[in-house]
Amino acid sequence: MNAAAFRDVAGMALRNLGRHRVKTVITTAAVAISAALYIFMDGWILGMNLESRRNIAAYEMGAAKIQTKAYFDKKDELPMYENFPGWETLARDLAKAGFDSAPRFTFTGTLYSRAGTAPLVFNAVDPESERRLLRYVPYVESGRFPRDGALELAVGSLAAEKLRVGIPDRPTRSEYEAEILGAAATEEDRAFVRSLYGPPRTSKEPRKPFSVPDKAAPAFEEEKLALKEGVSGEERERLWRILAASGRMDVRISTVIDVKAAPDSIRKNKFEQELLPSLDAGAQALVRSAYEPDPATGDYYLASADDALTSRVLETMVAADYPGAIRHINQLIDAVVVGVVNSPNPKTNGSVGYIPLSALQDEAGLMLGGAVTEILIRKAGADDAEIPGSAESPAAIRAALDRVLAADGRTFPDNLDVRGWKDYSADYLAASAGDEVSTRVMILFLFVLSFIGISNTMLMAILERTKETGMLRALGMTDGQVLLAYTLEAGLIGAIGSAIGILLGCLINIPMVAYGIDYSAAAREMGGDFGYRIVALFRSAWNPPVIAATGVVATVLSAVAAIPPTLRALRMPVTESLRFE
Amino acid sequence: MTVVETSDLTKDYALNGITVNALRGVSLSFQAGEFAAVAGPSGSGKSTFLHLVGCLDVPTAGSIAVGGIDVAALSRKELALLRRRSIGFIFQAYNLIPVLTSLENVSLPLVLLGHGKAEAREMAERALAEVGLGDMTGRRPKEMSGGQQQRVAIARALVKKPALILADEPTANLDSKTGREVLEIMLGLNRSEGTTFIFSTHDRMVMDFARRLVELRDGRIESETLR
Ligand SMILES: Nc1ncnc2c1ncn2[C@@H]1O[C@H](COP(=O)(O)OP(=O)(O)OP(=O)(O)O)[C@@H](O)[C@H]1O
Ligand SMILES: [Mg+2]
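Criteria and cut-off values
- Residues numbered from 1 in each chain as written.
- Chains lettered and ligands numbered in written order.
- Predicted model: local features only at pLDDT ≥ 70, side-chain atom pairs only at ≥ 80, totals over all residues.
- Heavy atoms only, no water.
- Contact = heavy atoms within 4.5 Å.
- Buried area = accessible area lost by both parts, 1.4 Å probe.
- Salt bridge = Lys/Arg side-chain N within 4 Å of Asp/Glu carboxyl O.
- Helix = DSSP H or I, 4+ residues; strand = E, 2+ residues; numbered from the N terminus.
- Nonpolar A, V, L, I, M, F, W, Y, C, P; charged D, E, K, R; others polar.
- Phe/Tyr/Trp six-rings, centres within 6.5 Å; stacked < 30°, edge-to-face > 60°.
- Buried < 20%, exposed > 50% of the residue type's maximum accessible area, 1.4 Å probe, protein only.
- Polar contact = N/O pair within 3.5 Å; in protein donor to acceptor, adjacent residues only side chain to side chain.
- Core = buried A, V, L, I, M, F, W, Y, C linked by side-chain atoms within 4.5 Å.
- Pairing = 2+ DSSP bridges.
- Axes fitted to C-alpha atoms, helices over the stretch in contact; angles between N-to-C directions.
- Near = heavy atom within 4 Å.
- Areas by Shrake-Rupley, 256 points an atom, 1.4 Å probe, with all protein chains shown as cover.
- Arc of directions from axis to C-beta.
- Parallel < 35°, antiparallel > 145°, perpendicular 65-115°, else oblique.
- Left-handed = near helix turned anticlockwise from the far one by under 90°.

**Student:** Please set out the interface of chain A and chain B residue by residue, giving values where relevant.
**Tutor:** Between chain A and chain B, the contact holds 26 residues from the first and 29 residues from the second. A combined buried area of about 2,400 Å² lies between chain A and chain B, and 61% of that area is made up of carbon and sulfur atoms. Among the residues of chain A in contact with chain B, R15, M471 and L475 of chain A are the three that bury the most area, contributing 26% of the side total. One salt bridge connects R76 of chain B with D479 of chain A, and the closest N-O pair in it is separated by 2.6 Å. Looking at the side of chain A that touches chain B, the elements with two or more residues in it are helix 1 (3-19), helix 15 (466-474), helix 16 (479-514) and helix 20 (574-579) of chain A. Looking at which element gives the most residues to the side of chain A that touches chain B, the answer is helix 1 of chain A, with eight residues. Each residue belonging to the side of chain A that touches chain B can be placed in one class, and the counts come to 12 nonpolar, six polar and eight charged.

Given below as C-alpha cells:
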C-alpha cells in the first residue's frame, strides 16, 4: 500500500476511535492502569533489589569470600572445624592483586546477659580490616566497635533488645526503675538519667508522609518510657558508662569448639557398622591401616604414629561425615558488650555478635591459632553504591590472585575456593525471585484483563461496522488493508492508553524514587528481616528499558486483539456484510 | 466490446436447511456504453445478479467474465483489485463511510488507487460538483439528506471513471423528483464518459430511463426489451 493510502487508513482509524467514545475511554483507561501499575511495581522491585544487592556487598560480605571447599559444601551448618590458617599471607597477596580483605572466624553459641539469653552467630573479626571493607561498622548506634585484642563484643540491635543490654529506647516503667534508674549510683547520675527519658511520643503527633501505621497497641500493655529525641553522643556515652558500671553489659559466651581429630579409640560396633560401611574400599583399607583391634574387647585403637597417615585418615572420616571425627570442646568466654549495631542491612542487626579475632586465639578464647573460616573480599576503593561487577567476580579475583602468587612461584591452596556473593545470598535471591514471579503473575493477570477489554471493544466496534467493512471491500480494499486499518485502530487505543499509563507510572515513580515509603512499623512487626537487605525505607528505581517495553507490549497486544474479529468479518462474503444491519 | 458476460449463472442460498434458488441460469452480455436496467418483482434475483457481476459473491454454477476476464480464476486479492479499478457500486442504502466527509468518501477510491492527495482531492471536488454537491464537501453523511447522500455515492462510484457502474435500486429511497435527478446524472455520465451502467429497479419511471430492460422472475430472465 502506498503512503497516501496508509495515511488515509490511519486517519480513518483515528476517527473511528471517536465513534465508540465511552468504550474507547474505558479501554484506554484499562490499558493505562495496567501499564502504570506495571511500571510502578517493576520500579519497586528493581529498587528493592538494587538496594539489597548494594547492601549485601557493602554491609554483609563484600563481593566474594575465600573459604575451604569443605566449608562451602556445608556452609549452612557453619562448620567451624573446616577452617584454614594463614589468612595474613592471603590478605597481603590479595592487597597486591588490588583487593581489600577481611578475615572472619564464624561460630555459633549462646550469649548470656544478666537479663536474658539468646542464641547468636558470632563473627570473630579483625576490626581494622572489617572497618575498611564493610560499612556496618560505623552504624554502632550506641557504644563503639570492639577494640583489637580485647574480649569485647558488639551485638545486633535485635539481640541487644532481647538480652537487655545496651541503651534501651523504650523501656517499660519497671525496667526503667530497676535497670536504668537503678544503675545510677549517685544522685547526680539519677538526675541525669531522668533527664534523658520521658513519656513516649503520642500517636497524635502528625505522621510522616507514606508511613505505615503501627498496629493498634494491646489494651493492657505496661506503660512505656522513651529515650528523648536529640540525646547527644556524649550523653549516650555517659549513660552507657553508667549502665555498664551496673554490670548490664557483662555477658558470657557459651560455645562448643568443634575440632577435627582422629579418635584414639573407636568401639567395635561403631567401627564396623557405622564407619566402614560409609567408606569405599580404598578408604576402608586406609582406615584399617591406621587402626588395630584390641584382641580382648574388639574395639579399635589408633596405632599409627605416622602423622601424615593419621591426617589422611582424619580427612577421609570427615569427608564421610563420620561424627566421631569431630571433637567437641565446651567453652565459656566472659566478655563485655561495648556497642550495638544497627545498620541499613537487617542481617547485621539481628542475632549477631562481633568480637575481635585476636582475642580468641589462645586457650581463653577458641584456641584458633591463626585459623579463620573465611576471608571477605572487595575491590580496593570500591564504590559502596556499586553492585559488584565482573571485575569482582570470583573468577576475576582468582585470576588476579594467581598472577600475584605465580610471580613468587606459589599457587593458590587446593583446598580453598573463591565464591561470589550470590553463592551466599540464597535467602535474598529466593525472596527476590519469589516476588518477581508473583509480580509477573499479577501483571499478567492485569494485562489479560485489559486485553479482554480491548478485544471486547474491538469485537463490538468491528461487528457494528460489518456493513461498512463490506463497503470498503466493495470499493476494492484488500483483506490486508482492512486488517491493517482495524489493527491500527486497536493499536492506537493501546498506544494512547500506554502513553497515559507510562506518564502515570512515572508520576508515581518520581516520589517513590526520591522519597520512598517509610514502613519501619511494618518491618518491626516482621522482626526486621524479610530477605531483602533494606530497612524501614523502601525506594523505587527507574527502569527505562522496562518502561519503554511496557508501552510497546501494551500497544502490540492491543493491536493483536483486533485480529480475530477482523478475520471473522473478512470470512463473510461481501454481500452478506452489506446486508448486515 | 463486451463488458460483462454471464453464462448460465446460478446462485443457491441455503436457508435453514432449505435451498433458495435465487438465480436459475441467467445468460446475459452487456456491451460498453450500455445503460441497462434489471427489473422484476421483489425476490426475483436482481440484487443477487448485480452482486455476482460485481464479484461481491461467488456463483453456485455458471460463469462471469468482466472485461473478458473469467472471474472464477481470480484470487481474493485480484478480485479486490478488479473492483478497485474497474467497478463502481451504488447501493440503495448509500453505504457511505460515516466518519468521513463527503469529500473524503469520494476520494477514498482514488486514494486506494494510489493517486496523490492533492490530485485525489481535486478529482473528488470535481465529481461532487458534477452531482451538484460542490458546496457540501465538508459534510459527514449524517448531516445530509438521503438524496444528497445518494449523490455522494454516485460521485464515489464515478470518480475513478470505472468501465462499469452497478447500481442496486439507486432511487428506491428517494422521492420521484430526486430519483429523477439522480438518474439524469447517471445518464449524463453514460453519455459523456461512455460508462456502462447496469442498475436494478422495480420502478416504472426508472425503467423508462433505460435503453435496455431485462426483466427477471424467480431467478430467470422473463423478457428483454431494447428501446
Ligand atoms: N443471503 C441470503 N440468504 C438466503 N437467501 C437469500 C440471500 N440473499 C438473497 N436470498 C434470496 O434469494 C432470492 C433473491 O433475492 P434478491 O435479493 O436477489 O432479490 P431482489 O430481486 O433484489 O429483491 P428486492 O427487490 O426485494 O431487492 C430471494 O428469494 C431472497 O430471499
Ligand atoms: Mg434487491
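Following the structure, the description resumes.
**Student:** Give me the lowdown on the packing of aromatic side chains, citing residues and values where you can.
**Tutor:** All names here are of chain A. Applying the stated criterion to the full structure yields 15 aromatic pairs over all chains. Both rings, one in F145 and one in Y354, keep their centres 6.2 Å apart while their planes meet at 45 degrees; by these two values the pair is tilted. One end of the pair, F145, is in the loop between strand 4 (140-143) and strand 5 (152-156); the other, Y354, is in strand 13 (residues 352-356), with 209 residues separating them in the sequence. When sorted by exposure, F145 lands in the same class as Y354, which is buried. Taken together, F105, F107 and F122 form an aromatic cluster joined through their ring pairs.

**Student:** Give a description of the side chain of E374 of chain A that names residues and reports values.
**Tutor:** All names here are of chain A. Structurally, the position occupied by E374 is in strand 14 (residues 374-379). Under the relative-accessibility criterion, E374 is labelled buried at 3%. In this structure the side chain of E374 is engaged in a polar contact, spanning 3.4 Å, whose partner is the side chain of K65. Within the structure, the side chain of E374 is placed 2.9 Å from the side chain of Q67, a separation counted as a polar contact.

**Student:** Provide a residue-level description of the nonpolar core, including the pertinent values.
**Tutor:** Generally speaking, nonpolar side chains in soluble globular proteins are found buried as a group. In terms of nonpolar packing, the biggest core is built from 68 residues, with F49, L164, L166 and I198 of chain B touching the most fellow members. Apart from residues no more than four positions distant in its own chain, L166 of chain B is found in contact with L50, V53, G54, I87, G88, F89, I90 and I198 of chain B. Counting residues in each nonpolar core, the second largest holds 64 residues, with L90, L94, A118 and L416 of chain A among its members.

**Student:** Run through the sheet that holds strand 2 (residues 18-31) of chain B, naming residues and quoting values.
**Tutor:** All names here are of chain B. If you walk across this open sheet you meet the four strands as 2-1-4-5, and the pairing is antiparallel. Of all strands in the sheet, those with a lone pairing partner are strand 2 and strand 5 (69-70), marking the two edges. Helix-sheet contacts for helix 1 (residues 46-53) involve strand 1 (2-15), strand 2 and strand 4 (61-66), and the interaxial angle to strand 1 is about 120 degrees.

**Student:** I'd like a rundown of the site of ligand 1, residues and numbers included.
**Tutor:** Neighbouring residues of ligand 1: 15 residues in total, closest S42, G43, K46, S47 and T48 of chain B. At ligand 1, the nearby residues belong to more than one chain, namely chains A and B. G43 of chain B has a polar backbone atom sitting 2.8 Å from an oxygen atom of ligand 1. Isolated, ligand 1 exposes 630 Å² of accessible area, and the fraction of that covered by the protein chains is 74%. Among the elements of the structure, strand 1, strand 2 and helix 1 of chain B are those that each provide at least two residues to the shell around ligand 1. In terms of residues, the shell around ligand 1 owes the most to one element, helix 1 of chain B, which gives three residues. Of the residues that constitute the shell around ligand 1, the class distribution is five nonpolar, seven polar and three charged.

**Student:** Describe in detail helix 8 (residues 187-196) of chain A, supporting the description with residues and values.
**Tutor:** Residues and elements named next belong to chain A. Among the residues making up helix 8, those that are buried are D189, F192, V193 and L196. The arc that holds every buried residue of helix 8, seen down its axis, measures 100 degrees, which confines them to one face. Those residues of helix 8 that are buried are in contact with helix 7 (173-180), strand 6 (197-198), strand 7 (226-227) and helix 9 (233-245).

**Student:** Pulling in residues and values, what's your account of the packing of helix 3 (residues 102-112) of chain B against helix 5 (residues 146-158) of chain B?
**Tutor:** All names here are of chain B. Relative orientation of the contacting elements helix 3 and helix 5 amounts to 25 degrees, with a least axis distance of 7 Å. By the angle between their directions, the pair helix 3 and helix 5 is classed as roughly parallel. When the axes of helix 3 and helix 5 are compared, the crossing they make is right-handed. Where helix 3 approaches helix 5, its residues S102, N105, V106 and P109 are matched on the opposing element by V152, A155 and R156.

**Student:** So what's going on with the side chain of Q331 of chain A? Which residues, and what values?
**Tutor:** All names here are of chain A. Positionally, Q331 belongs in strand 12 (residues 326-341). Of note is the side chain of Q331, whose polar atom sits 2.7 Å from the backbone oxygen of G365. In contact with Q331, other than residues within four places in its own chain, are I253, S254, T255, I257, E363, A364 and G365.

**Student:** Tell me about the sheet that holds strand 10 (residues 291-293) of chain A, and please be specific about residues and values.
**Tutor:** Residues and elements named next belong to chain A. The strand order across the open sheet formed by three strands is 9-11-10, and the pairing between neighbours is antiparallel. In the strand order of this sheet, the two ends are held by strand 9 (265-266) and strand 10, each with one partner. Pairing geometry for strand 10 and strand 11 (residues 300-302), over three bridges, is antiparallel. Bridge pairing in strand 11 links Y291 to L302.

**Student:** Report on unusual backbone geometry, specifying residues and quantitative values.
**Tutor:** What you tend to see is this: most non-glycine residues have negative phi, and most peptide bonds are trans. Despite not being glycine, N16 of chain B has its phi angle at roughly 50 degrees, a positive value. Positioned with a positive phi, D218 of chain B is a non-glycine residue whose angle comes to about 50 degrees.

**Student:** Summarise the pattern of salt bridges; cite the residues concerned and give the values.
**Tutor:** Per the counting criterion, the structure on display carries 34 salt bridges over all chains. A salt bridge links R238 of chain A to D189 of chain A, with the nearest nitrogen and oxygen atoms 3.0 Å apart. Here R238 of chain A, found in helix 9, pairs with D189 of chain A, found in helix 8; they are 49 residues apart in sequence, far enough to count as distant. Note that D208 of chain B and R227 of chain B form a salt bridge whose closest N and O atoms lie 3.5 Å from each other. With D208 of chain B in helix 7 (residues 204-209) and R227 of chain B in the segment after strand 10 (220-226), the pair connects residues that are 19 residues apart, well separated along the chain.

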